[in-house]
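Spelled out, the chains give:
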Amino acid sequence: MTDLNNDIAVLKKMCADVGMDVSGIVKLPGAGSGRRYYRILSSGEGLMCENDVLTGSQSVRSIIGVAGDNRNDCTAFVSLSDSFANAGISVPRVLAVSADGMHYLQEDLGTVSLFDMIPHGGDPIPSEVERIIKECIEGLVRMQLCPPNVWEQGVVYKPFDRRQVMWDLNYFKYEYLRPASVDFDEDALEDDFERFADGLCAYGFDTNGFMFRDFQSRNVMICNGKPYFIDFQGGRKGPGIYDAVSFLWQAKAGFSDDFRSKMLDYYFEMRHVLAGENRDHVRERKLTYDFALFRTLQVLGAYGLRGLVERKAHFIESIPPALRNLRSLLSSGAADDYPELKRVCREICNDARFKENEIGALHIGALHIKVFSFSYKKGYPADYTGNGGGFMFDCRGMHNPGRYQEYKSLTGRDRAVIDFLEERGEVQEFVRKAVDIVSPSVETYIRRGFSNLQIGFGCTGGQHRSVYCAEHVASILADKYPEATVTLIHREHPSN
């Protein structure tokens, strides 16, 4: 039996056990985890839910069915949900749990997350959204300050410590730096990681409260105008400031530095009001930005695995705004004490594959055409958009200048190589036909509002024929389609 069929059978039985009449089950889109979510609809009597959904012309009750992929996470969520709900924290109540603990029913909080309400593209935060963000921050502080006896028995993960810091830093090294083909001095980088971990774990303020671990706007649902927290099953004992920077430095939320500073002030004010803490304690020790840097590296590790390796579009799209955050943190001096870490961070921030346009988006809203030259010996250019499409042209059928000594140190941009190729007349015809082939797709993509198209020209070494063709096709397309953005990338000769 497939996961889908098994999930539906288990969830239907659970609904029947609690007296809920099921009129439909809709599988919801997945996120970063392997958990599977279903919206279960009922037009009859049975389990009462706060949220109603509208299907067609009929308002029906609904709940959410969850199929877990990790028993510990399921156990933690069920226990913590019950504990925090009883403590007055806005979380969904769990309504029923399967005998094996791997499926459960929870309140349906609707379809709108805080992330959906945040304007993107650099627009200011509306006053109503700022009000909700402040409610989130206050709710987070109240959750963090809940007495340990409320939540400790539901936590399945060890407290935040140096080992976890090193895991996350090495996660960044192996899942982002390596797939991104960044060279680094292993010993020097590990020395920086060791010092960085020591500094974070020397932090002795606010380390015994509940640490949400993945507090971000996608994990805040808005139901009847009120924020509710979800996905806290990874919570543990740890520093609350980690959650604050996770929220405010979430890559795709796109908060401005000024807004972050304002909301950090509000976070510290809430800690002061609710716990009597010194408002400036963390800022004086400059650890806010250390934790922001740490969190940014940790999420880049996740984006590397899910995006660079697994090619999942959502995570690839998150890389440019994460790198924007990293640039800001580097400018603030967050990595100044860690020279090799700072160097590799600067290198990934300058990665041409993830350059943003002037409004801070990855050319979203206009077609972005990437034109590559490359060597077939080193494989096709990677597609970092998650689309997996585009055109690849093989230039190896043309006469190769690289076979002659006088051209070996030159590229397809040098006049001698250009003359060599054009004297035979074949390269001009090749370029013309390539443009004829890609133009209908460019026009269709522009008309339909698509964001990305990749075109590659490959030859033996990625130096002569492919460089010439990529140069000329990119120039022709840029002139022909001014509404599109054309980026030229010579993969084997990036300085050209």
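None of the values given here were measured: they were computed from a predicted structure.

(A) Highlighting the overall build of the protein. Secondary structure assignment for the protein yields 16 helices and 14 strands. The buried share among the 496 residues of the protein stands at 52%. Only carbon and sulfur atoms are counted for the fraction: they give 48% of the accessible area of the protein, which is about 22100 Å².

(B) Expanded view of the packing of helix 8 (residues 240–248) against helix 11 (residues 287–309). At their nearest, the axes of helix 8 and helix 11 sit 9 Å apart, and the two run at 65 degrees to each other. Of the two elements, helix 8 crosses helix 11, and the hand of that crossing is right-handed. Side by side, helix 8 and helix 11 meet where Ile241, Tyr242, Val245 and Ser246 of the first sit next to Thr288, Phe291, Ala292, Phe294, Arg295 and Gln298 of the second. A per-class count over the contact of helix 8 with helix 11 returns six nonpolar, three polar and one charged.

(C) Region of the structure containing the environment of Phe393. The residue Phe393 is located in strand 12 (residues 391–394) in this model. Along the backbone, Phe393 and Ser373 are 20 residues apart, and their C-alpha atoms lie at a distance of 9.6 Å. Excluding its chain neighbours within four sequence positions, the residues that come into contact with Phe393 are Tyr376, Phe430, Ala434, Ile437, Val438, Ile455, Gly456, Phe457 and Gly458.

(D) Summary view of a nonpolar patch on the surface. A contiguous nonpolar patch, built from Leu145, Val273 and Leu274 and spanning about 210 Å² of accessible area, is present on the exposed surface. In this fold, Val273 is placed in helix 9 (residues 257–275). Of the residues examined, Val273 reaches a relative accessible area of 51% and is grouped as exposed.

(E) Expanded view of the sheet that holds strand 14 (residues 485–490). Sheet architecture is open: four strands sit in the order 12-13-11-14, paired in parallel fashion. The sheet terminates laterally at strand 12 and strand 14, the two strands that pair on one side only. Each strand of the sheet is rotated relative to its neighbour by a mean of 15 degrees, with strand direction disregarded. Pairing analysis gives eight bridges linking strand 11 (residues 368–375) to strand 13 (residues 452–459), with the strands arranged parallel. Bridge assignment links Lys370 to a residue of strand 13, and that residue is Gln454.

(F) Examining helix 8 more closely. For helix 8, a buried count of nine out of nine residues is recorded, marking the element as mostly surrounded by other parts of the structure. All of the buried residues in helix 8 are Gly240, Ile241, Tyr242, Asp243, Ala244, Val245, Ser246, Phe247 and Leu248.

(G) Spotlight on helix 1 (residues 3–17). Its 15 residues place the ends of helix 1 21 Å apart at the C-alpha level, agreeing with the 21 Å of an ideal helix rising 1.5 Å per residue. Residues Asp7, Leu11, Met14 and Cys15 constitute the buried set of helix 1. Viewed end-on, helix 1 has its buried residues packed into an arc of 100 degrees, placing them on one side of the element. Residues Lys13, Ala16 and Asp17 are exposed on helix 1 and point more than 90 degrees away from its buried face. Taken from the residues just after helix 1, Gly19 is the one with a positive phi, measuring 80 degrees.

(H) Region of the structure containing the environment of Tyr468. One can find Tyr468 in helix 16 (residues 465–480). Sequence separation of Tyr468 and Gly412 is 56 residues, and the distance between their C-alpha atoms is 4.4 Å. If we skip the residues at most four places from it in the chain, Tyr468 touches Gly412, Ile418, Leu421, Glu422, Val427, Gln428 and Val431. At 2.5 Å, the side chain of Tyr468 and the side chain of Glu422 are in polar contact.

(I) Examining the packing of helix 11 against helix 12 (residues 313–331) more closely. In contact at an axis separation of 9 Å, helix 11 and helix 12 are set at 155 degrees when each is read in the N-to-C sense. Of the possible angle classes, the one that applies to helix 11 and helix 12 is roughly antiparallel. The crossing of helix 11 and helix 12 is left-handed. Every residue of helix 12 that contacts helix 11 at Tyr289, Ala292, Leu293, Thr296, Leu297, Leu300, Tyr303, Arg306, Gly307 and Leu308 is listed here: Phe315, Ile316, Ser318, Ile319, Ala322, Leu323, Leu326 and Leu329. Across the contact of helix 11 with helix 12, the residue classes break down as 14 nonpolar, three polar and one charged.

(J) Representation of the state of the cysteines within the structure. Summed over all chains, the structure comprises zero disulfides. There is no disulfide at Cys345, and the cysteine sulfur nearest it, in Cys349, is 6.5 Å away. By relative accessible area, Cys345 is classed as buried at 0%.

(K) Just the pattern of salt bridges, in detail. Using the criterion set out here, one finds 34 salt bridges in the structure. The salt bridge partner of Glu135 is Arg131, with a shortest N-O separation of 2.1 Å. Here Glu135 and its partner Arg131 are both found in helix 4 (residues 127–144), four residues apart, which amounts to about one turn of the helix. A salt bridge links Arg178 to Glu186; the shortest N-O distance between them is 3.0 Å. Taking the relative accessible area as the measure of exposure, Arg178 reaches 42% and is therefore partly exposed.

Calculation notes
Residues numbered from 1 in each chain as written. Predicted model: local features only at pLDDT ≥ 70, side-chain atom pairs only at ≥ 80, totals over all residues. Heavy atoms only, no water. Helix = DSSP H or I, 4+ residues; strand = E, 2+ residues; numbered from the N terminus. Buried < 20%, exposed > 50% of the residue type's maximum accessible area, 1.4 Å probe, protein only. Areas by Shrake-Rupley, 256 points an atom, 1.4 Å probe, with all protein chains shown as cover. Axes fitted to C-alpha atoms, helices over the stretch in contact; angles between N-to-C directions. Left-handed = near helix turned anticlockwise from the far one by under 90°. Contact = heavy atoms within 4.5 Å. Nonpolar A, V, L, I, M, F, W, Y, C, P; charged D, E, K, R; others polar. Patch = residues over 30% accessible without salt bridge, like charges linked within 9 Å, V, L, I, M, F, W, Y side chains within 5 Å. Salt bridge = Lys/Arg side-chain N within 4 Å of Asp/Glu carboxyl O. Pairing = 2+ DSSP bridges. Expected span 1.5 Å × (residues − 1). Arc of directions from axis to C-beta. Polar contact = N/O pair within 3.5 Å; in protein donor to acceptor, adjacent residues only side chain to side chain. Parallel < 35°, antiparallel > 145°, perpendicular 65-115°, else oblique. Disulfide = S-S within 2.5 Å.

None of this, on its own, says anything about what the molecule does.
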